[in-house]
Every structure is written in C-alpha cells, then in structure tokens.
Amino acid sequence: MAPFTGLQPGRFRKLVRVVAQRGGDEIADGRPGRQWRLDLADRVLLVAAYWRTNLTMRQIGPLFGVSHSAAHRVIDTLGPLLAPAPVRRRRIDQVAIVDGTLVPTRDHRLAAPSKNYRYSANVQVAIDADTRLVIATSDPQPGNRNDCTAYRTSGIDQKLAGRPVMADGGYQGNPDVIMPYRKPADGTLTDWQEDLNAIHRKVRARIEHALARMKCWKILRARAVTRHP
C-alpha cells in the first residue's frame with residue numbers, strides 16, 4: 001500500500017472512511033443495475049496509485065484487473081471525493097504565493113502558442129505560504145497571455161483579495177502583489193533590498209515545488225480541460 005499511495009495502512013483506512021462519508025460507496029458507474037467491479041477500498045487505492053505513480057489508464061487498469069475505461073470512470077468519479085475539504089475561514093494575515101504555469105492542451109479554442117512552442121493554457125495557482133497547500137486556482141487563459149495580465153483577467157485576484165500575495169517580478173502592474181525589488185537604471189540595489197530579495201526568492205520557491213508536484217500528478221492538465229465549457 002505504501003509504494004502505491006505513500007500512506008500507512010491506518011491513514012489509508014481513514015481516507016476510505018472519508019470517501020465513504022462523502023458518498024463514494026453509493027456511487028455506481030451511471031448505468032442502472034451495474035455495480036462497480038471493485039469495492040470502495042480498491043477504487044480509492046486505484047485513484048491514489050494513479051495520482052502517485054503517474055501510470056496511464058492502460059497500465060493502471062490491468063494492474064487492478066479492470067479495463068482502462070473502467071479505471072477512467074473510477075478516477076473521474078472518486079477523484080473529487082479525495083480532495084481536501086476547503087477551509088471556510090482563513091486567517092487575515094495568511095500570506096499567499098501566486099505563479100502562473102503553462103499547461104499543454106489540444107483544445108485550440110482555449111490554448112495558444114506560447115513560449116514553450118506548444119499550444120498551452122496559462123493557469124494561475126496560489127498556495128498558502130505556511131502549509132504549501134493550494135488555496136486558489138484560476139480559469140485557464142490563453143498560453144500567450146503573460147502573468148501580469150492573466151492574474152487580473154483570470155479572476156484569481158478577486159479570490160485572493162484581502163490577503164498579502166507574493167509573486168515574482170513578472171506581475172508588474174498589479175500594485176497589490178508583493179514583488180522583489182527591480183534594479184534601477186544605474187544597476188545597483190541597496191544592501192537591505194538585496195537581503196529582502198534573497199528572502200523573497202526563498203519563500204517564493206515553495207510555489208515552484210507545488211507546481212512541479214501538480215504537474216507530476218496530472219492535476220493541472222485535468223484543470224485546464226475541465227474548466228473550459
């Protein structure tokens with residue numbers, strides 16, 4: 001269990017109970033009279049293994065003795081039930097870190113050629129600076145739209161309103177965002193500005209780690225596809 005999910009048996013059983021409480025044990029595959037071939041614990045294990053190992057549908061299905069289409073239905077149905085419940089109240093002093101990333105997608109109604117030379121969508125992601133958990137994501141924007149514009153047009157600025165927001169130097173034009181000091185025309189910064197920039201880089205690196213994990217677990221790709229009508 002640990003190699004597939006990264007969880008100890010006790011924590012995995014707790015996860016299965018949470019999914020059952022959210023209705024996971026009552027969900028069929030959409031066709032009357034047809035029940036799931038796998039029980040709830042095995043379905044939860046399938047979803048967790050898919051997210052952690054990055055196996056394809058054709059690989060994960062035979063591993064659990066089901067077809068790849070059945071594996072897709074399991075992931076599509078139980079995936080939302082494994083997500084952490086959103087926090088209803090947050091601290092006023094909660095610091096968020098925001099950054100944009102390019103998510104490749106074949107949907108040309110949404111995507112646009114971007115700096116990675118692929119059709120991509122720009123997705124803005126914000127995490128909590130302390131817990132490193134994702135607290136907000138934006139609607140996908142065309143991939144050729146820079147972060148300073150996507151931050152406003154995607155609506156994530158409204159989701160983060162009222163809390164301090166950190167970002168890199170690419171968010172110029174958004175006065176509510178905390179950015180590192182830019183070098184003036186003479187090319188010099190004061191010592192205290194250099195020190196603050198170094199601290200800023202260390203803290204902002206947490207969003208880079210979060211984005212890397214989201215991409216490894218295919219979360220961002222699903223986000224870009226499902227948010228577009």
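Just so you know, these numbers come straight off a predicted model, no measurement behind them.

> Give me the side chain of Arg204: which residues, what numbers.
Considering the arrangement of structural elements, one finds Arg204 in helix 8 (residues 191-216). Polar side-chain contacts of Arg204 include one of 3.1 Å to the side chain of Glu208.

> Could you give me a rundown of the environment of Ala112, with the residues and numbers involved?
Here Ala112 shows up in strand 2 (residues 112-113). Judged by its relative accessible area of 8%, Ala112 is buried. Placed 33 residues apart in sequence, Ala112 and Arg145 show a C-alpha to C-alpha distance of 8.7 Å. Each residue touching Ala112, except ones within four places of it in the same chain, is listed here: Arg118, Tyr119, Ser120, Pro142, Gly143 and Asn144.

> I'd love a proper account of the pattern of salt bridges, names of residues and values included.
This structure, assessed with the given rule, holds 3 salt bridges. Here the salt bridges share partners, and the residues they tie into one network are Asp99, Asp168, Arg204 and Glu208.

> Could you give an account of the nonpolar core, with specific residues and numbers?
Membership of the largest hydrophobic core comes to 23 residues, with the highest contact counts inside it found for Val19, Val44, Leu46, Phe64, Val66 and Leu78. Taken together, the elements giving at least two residues each to this core come down to helix 2 (9-21), helix 3 (40-53), helix 4 (57-63) and helix 5 (68-78). It is helix 3 that contributes the most residues to this core, 7 residues altogether. With residues up to four places along the chain from it excluded, the contact list for Phe64 reads Leu38, Asp42, Leu45, Leu46 and Ala49.

> Before we move on, could you go through the packing of aromatic side chains and cite the residues and values that matter?
Evaluated as defined, the whole model comprises 2 aromatic pairs. An angle of 85 degrees between the planes, with centres 5.7 Å apart, marks the rings of Tyr151 and Tyr171 as edge-to-face. Of this pair, Tyr151 sits in helix 6 (residues 147-153) while Tyr171 sits in the loop between strand 6 (165-166) and strand 7 (177-178); the two residues are 20 residues apart in sequence, bridging distant segments of the chain. For Tyr151, a relative accessible area of 1% corresponds to the buried category. Relative accessible area serves as the criterion here: at 0%, Tyr171 is assigned to the buried category. With a centroid separation of 5.4 Å and 80 degrees between ring planes, the pair formed by Tyr181 and Trp192 is classed as edge-to-face.

> Got a sec to walk through helix 2? Specific residues and values, please.
Under the 1.5 Å per step criterion, the end-to-end length of helix 2 is 18 Å for 13 residues, consistent within 8% with the ideal 18 Å. For helix 2, the complete set of buried residues consists of Phe12, Val16 and Val19. In an axial view of helix 2, the angular spread of the buried residues amounts to 65 degrees, which keeps them on one side of the axis. Turned more than 90 degrees away from the buried face of helix 2, the exposed residues are Arg11, Lys14 and Gln21.

> Can you lay out the packing of helix 3 against helix 5 for me, pointing to particular residues and giving the numbers?
Axis separation between helix 3 and helix 5 bottoms out at 9 Å; the angle between their running directions is 90 degrees. Classed by the angle they form, the pair helix 3 and helix 5 counts as roughly perpendicular. Taken together, the residues of helix 5 that come into contact with helix 3 (itself represented by Leu40, Arg43, Val44, Leu46, Val47 and Tyr50) are Ala71, Val74, Ile75 and Leu78. Of the residues that constitute the contact of helix 3 with helix 5, the class distribution is 9 nonpolar, no polar and 1 charged.

> Tell me about helix 5, and name the residues and values.
Among all positions of helix 5, only Ala70, Ala71, Val74, Ile75 and Leu78 are buried. Looking down the long axis of helix 5, one finds its buried residues gathered within 135 degrees of arc, a one-sided arrangement. Residues of helix 5 that are buried in the fold lie against helix 2, helix 3 and helix 4.

> Would you mind going over the pairing of strand 1 (residues 96-104) in detail, with residue names and values included?
A large share of strand 1 lies buried, amounting to 8 of its 9 residues. Relative to strand 3 (residues 119-128), strand 1 runs antiparallel, the two sharing 9 bridges. By the bridge assignment, Ile97 is partnered in strand 3 with Ile127. The sheet contact formed by strand 1 and strand 6 spans 2 bridges and is parallel. Pairing of Ala96 across the sheet is with Val165, part of strand 6.

> Quick rundown of the environment of Asp147? Include the residues and the values.
Along the polypeptide, Asp147 turns up in helix 6. Along the chain, Asp147 and Asn122 lie 25 residues apart, while their C-alpha atoms are 7.9 Å from each other. Not counting the four nearest positions on each side in its chain, Asp147 is found in contact with Asp99, Gly100, Asn122, Gln124, Gly170 and Tyr171. One polar contact links Asp147 to Asn122, side chain to side chain, over a distance of 3.2 Å.

How each quantity is defined
Residues numbered from 1 in each chain as written. Predicted model: local features only at pLDDT ≥ 70, side-chain atom pairs only at ≥ 80, totals over all residues. Heavy atoms only, no water. Helix = DSSP H or I, 4+ residues; strand = E, 2+ residues; numbered from the N terminus. Polar contact = N/O pair within 3.5 Å; in protein donor to acceptor, adjacent residues only side chain to side chain. Buried < 20%, exposed > 50% of the residue type's maximum accessible area, 1.4 Å probe, protein only. Contact = heavy atoms within 4.5 Å. Salt bridge = Lys/Arg side-chain N within 4 Å of Asp/Glu carboxyl O. Core = buried A, V, L, I, M, F, W, Y, C linked by side-chain atoms within 4.5 Å. Phe/Tyr/Trp six-rings, centres within 6.5 Å; stacked < 30°, edge-to-face > 60°. Expected span 1.5 Å × (residues − 1). Arc of directions from axis to C-beta. Axes fitted to C-alpha atoms, helices over the stretch in contact; angles between N-to-C directions. Parallel < 35°, antiparallel > 145°, perpendicular 65-115°, else oblique. Nonpolar A, V, L, I, M, F, W, Y, C, P; charged D, E, K, R; others polar. Pairing = 2+ DSSP bridges.

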